[in-house]
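Architecture and fold: a report
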Amino acid sequence: MNKQSAQSDSSASFFSRPFDAETTPEFVEVALPLPLRQTFTYRLPFGLRESVKIGARLLVPFGKRQITGYAVALHTRLSEEIEIEEDAIREVSELLDEEPLITEEILRLTQWTADYYASSWGEVLKASLPAGINSASEQIVSVTAKGRDELIKISTATTIKVRLLRFLATNGEASARELANNFGTTQSQKAVRELVKTGWAGTFHRTLTSHVKPKRRKAVRLLPPENHATNAKPVTGSQTKIIETLLNSNGEMLFTELIEKADVGASSIQTLAKRGVLEIFVQEVMRDPMSDAKLPEILDLILTDEQTKVLFEIENALDAEKYKAFLLHGVTGSGKTEIYIRAMKNALAKNKSSLMLVPEIALTPVFSRRLRAVFGDEVAILHSNLSTGERFDEWRRIRKGAARIVIGTRSAVFAPLQNVGLIIIDEEHDGSYRQHESPFYHGRDVAVVRANYAGAVVILGSATPALESFHNSQTGKYEYARLANRVGNRPMAKAEIVDMRDIFKAFGKDATFSPALVEAIEETHSRGEQSIILLNRRGYSQFVLCRSCGETIRCGNCDITLTFHKREGKLVCHYCNHRERAPRSCPGCKGQFLFFVGEGTEQIEDILKRKFSSLRIARVDRDTTARRKELEKILDKFSAGEIDMLVGTQMLAKGHDFHNVTLVGVISVDAGLALPDFRSAERTFQLLTQVAGRAGRGNLQGRVLIQTYHPEHYALLHACAQDYDSFYAEEIEFRKKLSYPPFIALASVLIKHPNYNYAFDNAQILKNCLDAVNTENKCRILGVAPAPLTRLKGEFRLQILIKAGNRADLRKTLDFALHEAQEKFCDLKIINVEIDPVNLL
């Protein structure tokens, strides 16, 4: 099997081709969903050569297993670069798709994504498809005739090998998983190897069906009179009700729905079917994630002068049908969403499709309901909180062209939309657009590239743009559009900083709530208004400290303290999800004096419920919204006025529009400011500005109170003034002086392994190779050093940072170094490369 890069130019012609003897491919280039930055060449069996198309899934042998891969190029002959005997190339086992699931556009986009982010193309392709669609295979072991003959000769032997052979003879065959369950994994594998070697058993691979399939339901439809039986008896009362119910539903209904609506039994329907009055059949039913959603009223809104100007520029760009990028910088409540919707209408009128990305699943119900109210069934939703079946059906609707407007989170950037004319990235600054595990990519930047490929308009919207995006708008890469005022000239919320050092001096101890915040909560709710309290840390207490020996209780897998969750009565690791019971004494010294330090949202909720017992208070964080649609229910109740106060994490900070919220209280953001990351000030400024934007969105004046022990920090001062321009001017100078993006290209290389010495040895090999290829000193290479989070999920983490004046120099140095490191037997499987990292933790 040969390893080489896929030839995209040679593959393009195979998307639609008439075959002839000279162009019929004999070999296929396959991208596998493995952490490998290469593709693999396979021979096509003769029967598949005129069937396989680029973008189809294939089942191929890889080592001792069968893997679903993706056809990315077809070749009539082997490339001269391939240094392998033709006879040694393995054959494709099975073609899984007659028609490719992956379009030419998505194939090109995923190839760019894998190349730019130094990721596996196969993993990116897998991520572009809905979960559960990929087929797998399992090893099947069967007894041979020789094995049955040998069993006759064996009478008393009870070895694992013989017992397993008897099991196979009784059952005919068994999967490797079934044998492992019955005889143990190690012992069964050893026995199977011995049985195969002696010829007493054989193995083969069987393709498993996809985890997800179309949903089919029994349905009923009326037949024309000529189909009715001529000697039929008169219809009964229940049968009449069935016919009338069907007539009122255009002659067709689901079987169970008909029983419920007509209030009849199944036997009456079956009788009419026997008489030819109606037909019972099986039909496919699409799983609609918005089937029970309450859609908002469509309002005929009048645009402000600022909105009209911005929309005019966007519509001109849509008319030109050429790539153009806009940075839509609009303060919170300035009406960006209305511009998005009107731009979508314009694109749809031109027979163009639209894609809208949002950073959080929490935002999809808000936007998707509004889009569904305006565009109806043209809207499809894609995010991980849908059921597997719902995602599969939504993806198929998009693929068929039945849905031309897609809203979703990060992975929706790969939605198989056709004829894309508009892409919108809402809250474009948000770090959630970055995928932090393989395959690495940034949804915002991939969306910009997709728009470029499609000749589409892309809008990056935010009240607090990422510094890189704002910098791009200042250098002419993006067109800058500004919405400086709220709709209806509503005033921005008044923000105040509460210096918690003064509170400590006054009371002689730390206080969770300042008197100013307590008083503001009382005043707000006495007027019948609502409030939001933010603390970006879930759990009850941040960590547990032993006052006898000074030790903290730490995660056994990670180099961090465990967080106490009171309702569970457990200590939880927020990185690996390790859970253990909260101890009554110190695990180290057995001391009885355990101190629960710091507050989380769970404790804040408890304190507020005790202090304000008459208020209806709900909490929004990952713990309370783990169940499907739970977040949607809480937000709906808050919007309807059934909840007085929401307590939560940053999930509350973005995109929500609650007109009766007039107070936002921020318990603390000091922990975020102290993170050892060059973006910590930017993230804190964005979080505060966004959460402040939740207050005063109706006709009432909003107020924001920010508690802190660092009241002089520039990020807090500018957030309090809600002055993005001043923050940008100050922050960009720090970036320039310290050589951080957007002035340099940055890559973070993490070397992760359970054995520290193994990780360090491989990190040192890579570091030496980086130094060796960096002969012209075009890159600055920092490390090897322990990562800020030195151990996570049982793995030690070492970090190398690479800075360069441009991405070309960075990638050239990195690619050459990785190649050299592989030649020196560096284990590349434990090396994770992040291009343009959003954090360095």
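Residues numbered from 1 in each chain as written. Predicted model: local features only at pLDDT ≥ 70, side-chain atom pairs only at ≥ 80, totals over all residues. Heavy atoms only, no water.

To continue, consider the side chain of Glu602. Tracing the chain through its elements places Glu602 in helix 19 (residues 601-611). With relative accessibility at 2%, the residue Glu602 sits in the buried group. Apart from the residues lying within four places of it in its own chain, the contact partners of Glu602 are Gly539, Tyr540, Phe564, His565, Lys566, Arg567 and Arg619. (Helix = DSSP H or I, 4+ residues; strand = E, 2+ residues; numbered from the N terminus. Buried < 20%, exposed > 50% of the residue type's maximum accessible area, 1.4 Å probe, protein only. Contact = heavy atoms within 4.5 Å.)

A few words now on the sheet that holds strand 27 (residues 579-581). Either a parallel or an antiparallel arrangement is found when strands of a sheet pair, and the pairing is made through backbone hydrogen bonds. Ordered by their spatial adjacency, 3 strands build an open sheet running 25-26-27, and the pairing between neighbours is antiparallel. Both edges of this open sheet fall to strand 25 (563-565) and strand 27, since each of them pairs with a single strand only. Pairs of neighbouring strands in the sheet enclose a mean axial angle of 35°, with direction left out of account. (Pairing = 2+ DSSP bridges. Axes fitted to C-alpha atoms, helices over the stretch in contact; angles between N-to-C directions.)

Let us look at the pattern of salt bridges. For the structure shown, the criterion picks out 54 salt bridges. For the salt bridge of Glu99 with Lys53, the shortest nitrogen-to-oxygen distance reads 3.0 Å. Residue Glu99 is located in the loop between strand 6 (94-95) and helix 2 (104-116), and its partner Lys53 is located in the loop between strand 3 (39-43) and strand 4 (57-62); the two are separated by 46 residues in the primary sequence. For Lys53, a relative accessible area of 25% gives the class partly exposed. Among the charged side chains, a salt-bridge network with shared partners connects Arg567, Glu602, Glu605, Asp606, Lys609, Arg619 and Asp621. (Salt bridge = Lys/Arg side-chain N within 4 Å of Asp/Glu carboxyl O.)

In this model, the protein carries a mean pLDDT of 90, and residues with pLDDT of at least 70 account for 95%. Taking the mean pLDDT of every element in the protein, the minimum, 36, falls on helix 1 (residues 8-12) and the maximum, 98, on strand 20 (residues 457-462). (pLDDT = per-residue confidence, 0-100.)

All right, on to the sheet that holds strand 13 (residues 324-330) then. Read from one edge to the other, the open sheet built from 7 strands follows the order 15-16-14-17-20-13-21, with strand pairing classed as parallel. The sheet terminates laterally at strand 15 (379-382) and strand 21 (479-483), the two strands that pair on one side only. The sheet shows a mean angle of 15° between the axes of neighbouring strands, taken without regard to direction.

The next subject is the side chain of Arg372. With respect to the helices and strands, Arg372 occurs in helix 13 (residues 364-375). At a separation of 3.3 Å, a polar atom in the side chain of Arg372 contacts the side chain of Asp288. Sequence-distant contacts of Arg372, that is, excluding residues within four places in its chain, are made with Asp288, Met290, Leu295, Asp377, Val379 and Arg397. (Polar contact = N/O pair within 3.5 Å; in protein donor to acceptor, adjacent residues only side chain to side chain.)

Turning to the packing of helix 5 (residues 160-171) against helix 7 (residues 185-198), a few remarks are in order. Direction vectors running N to C along helix 5 and helix 7 enclose 80°, while the axes themselves pass 9 Å from each other. Of the possible angle classes, the one that applies to helix 5 and helix 7 is roughly perpendicular. Here helix 5 contributes Ile160, Lys161, Leu164 and Leu165 to the contact with helix 7, which in turn contributes Gln187, Ser188, Ala191, Val192, Glu194 and Leu195. In terms of residue class, the contact of helix 5 with helix 7 is made up of 6 nonpolar, 2 polar and 2 charged. (Parallel < 35°, antiparallel > 145°, perpendicular 65-115°, else oblique. Nonpolar A, V, L, I, M, F, W, Y, C, P; charged D, E, K, R; others polar.)

Before going further, it helps to examine helix 5. Here helix 5 contains 12 residues, and its C-alpha end-to-end distance of 16 Å stays within 8% of the 16 Å for a straight helix at 1.5 Å per residue. Residues Val162, Leu164, Leu165, Phe167, Leu168 and Ala169 constitute the buried set of helix 5. Gly172 occupies a position one or two residues after helix 5 and carries a positive phi of about 85°. (Expected span 1.5 Å × (residues − 1).)

It is worth spelling out the environment of Leu246 at this point. Along the chain, Leu246 turns up in helix 8 (residues 237-247). For Leu246, a relative accessible area of 0% translates into the label buried. Between the alpha carbons of Leu246 and Thr475 there is a distance of 64 Å; along the sequence they are 229 residues apart. With near-sequence residues (within four places) excluded, Leu246 lies in contact with Val220, Leu222, Gly251, Glu252, Met253, Leu258 and Leu278.

For the structure shown, the criterion picks out 20 aromatic pairs. Here the aromatic rings of Tyr714 and Phe734 are separated by 5.4 Å at their centres, their planes lie at 35°, and the arrangement is tilted. In this pair, Tyr714 is assigned in helix 23 (residues 714-721) and Phe734 in helix 24 (residues 724-738), connecting sequence segments 20 residues apart. Under the relative-accessibility criterion, Tyr714 is labelled buried at 17%. Through a chain of ring-to-ring contacts, the aromatic side chains of Phe470, Tyr480, Phe685, Tyr714, Tyr724, Phe727, Tyr728 and Phe734 assemble into a single cluster. For Arg221, the ring lying beneath its charged end belongs to Phe281, and the centroid distance is 3.6 Å. (Phe/Tyr/Trp six-rings, centres within 6.5 Å; stacked < 30°, edge-to-face > 60°. Lys NZ or Arg CZ within 6 Å of the ring centre and 35° of its normal.)

Attention shifts here to unusual backbone geometry. Going from Pro741 to Pro742, the amide bond is cis rather than trans, its omega being 15°. Relative to the assigned elements, Pro742 resides in the loop between helix 24 and strand 33 (745-753). Unlike most non-glycine residues, Phe825 shows phi in positive territory, near 65°. Among the structural elements, Phe825 can be located in the loop between helix 26 (807-823) and strand 36 (831-835).

By the secondary structure assignment, Ala131 is in the loop between helix 3 (121-127) and strand 7 (136-143). Considered as a pair, Ala131 and Leu766 are 635 residues apart in the sequence and their alpha carbons are 35 Å apart. With residues near it in sequence (within four places) discarded, Ala131 still touches Val212, Thr388 and Arg391.

In this section: the pairing of strand 33. Counting buried positions along strand 33 yields 7 of 9 residues, so the element is predominantly enclosed. Summarising the sheet, strand 33 and strand 35 (residues 795-804) pair through 9 bridges and their orientation is antiparallel. Each bridged residue has a counterpart across the sheet, and for Leu746 the counterpart in strand 35 is Lys803. The pairing of strand 33 with strand 36 spans 5 bridges and is antiparallel. Following the sheet pairing, Leu750 is matched in strand 36 by Asn832.

Here the focus is the packing of helix 11 (residues 305-320) against helix 12 (residues 336-349). At a minimum axis separation of 10 Å, helix 11 and helix 12 run at an interaxial angle of 30°. What the angle tells us is that helix 11 and helix 12 run roughly parallel. The two elements helix 11 and helix 12 meet at a crossing, and its hand is right-handed. Packed against helix 11, whose contacting residues are Gln307, Val310, Leu311, Ile314, Glu315, Leu318 and Asp319, the element helix 12 presents Glu338, Ile339, Arg342, Ala343, Asn346 and Ala347 at the interface. Per-class residue counts for the contact of helix 11 with helix 12 are 7 nonpolar, 2 polar and 4 charged. (Left-handed = near helix turned anticlockwise from the far one by under 90°.)

Applying the stated criterion across every chain, the model contains 0 disulfides. Unpaired in terms of disulfides, Cys573 finds its nearest cysteine sulfur in Cys576, a separation of 3.6 Å. Looking at the unpaired Cys589, the closest cysteine sulfur is the one in Cys546, lying at 3.6 Å. (Disulfide = S-S within 2.5 Å.)

In this section: helix 2. A rise of 1.5 Å per residue sets the reference length of helix 2, with its 13 residues, at 18 Å; its end C-alpha atoms lie 18 Å apart and thus fit the reference within 8%. Within helix 2, burial applies to Ile106, Leu107, Leu109, Thr110, Thr113, Ala114 and Tyr116. Buried positions along helix 2 lie against strand 5 (65-75), helix 3, strand 19 (441-442), helix 15 (443-454), helix 26 and strand 36. In the stretch just after helix 2, Ala118 is the one whose phi turns positive, near 55°.

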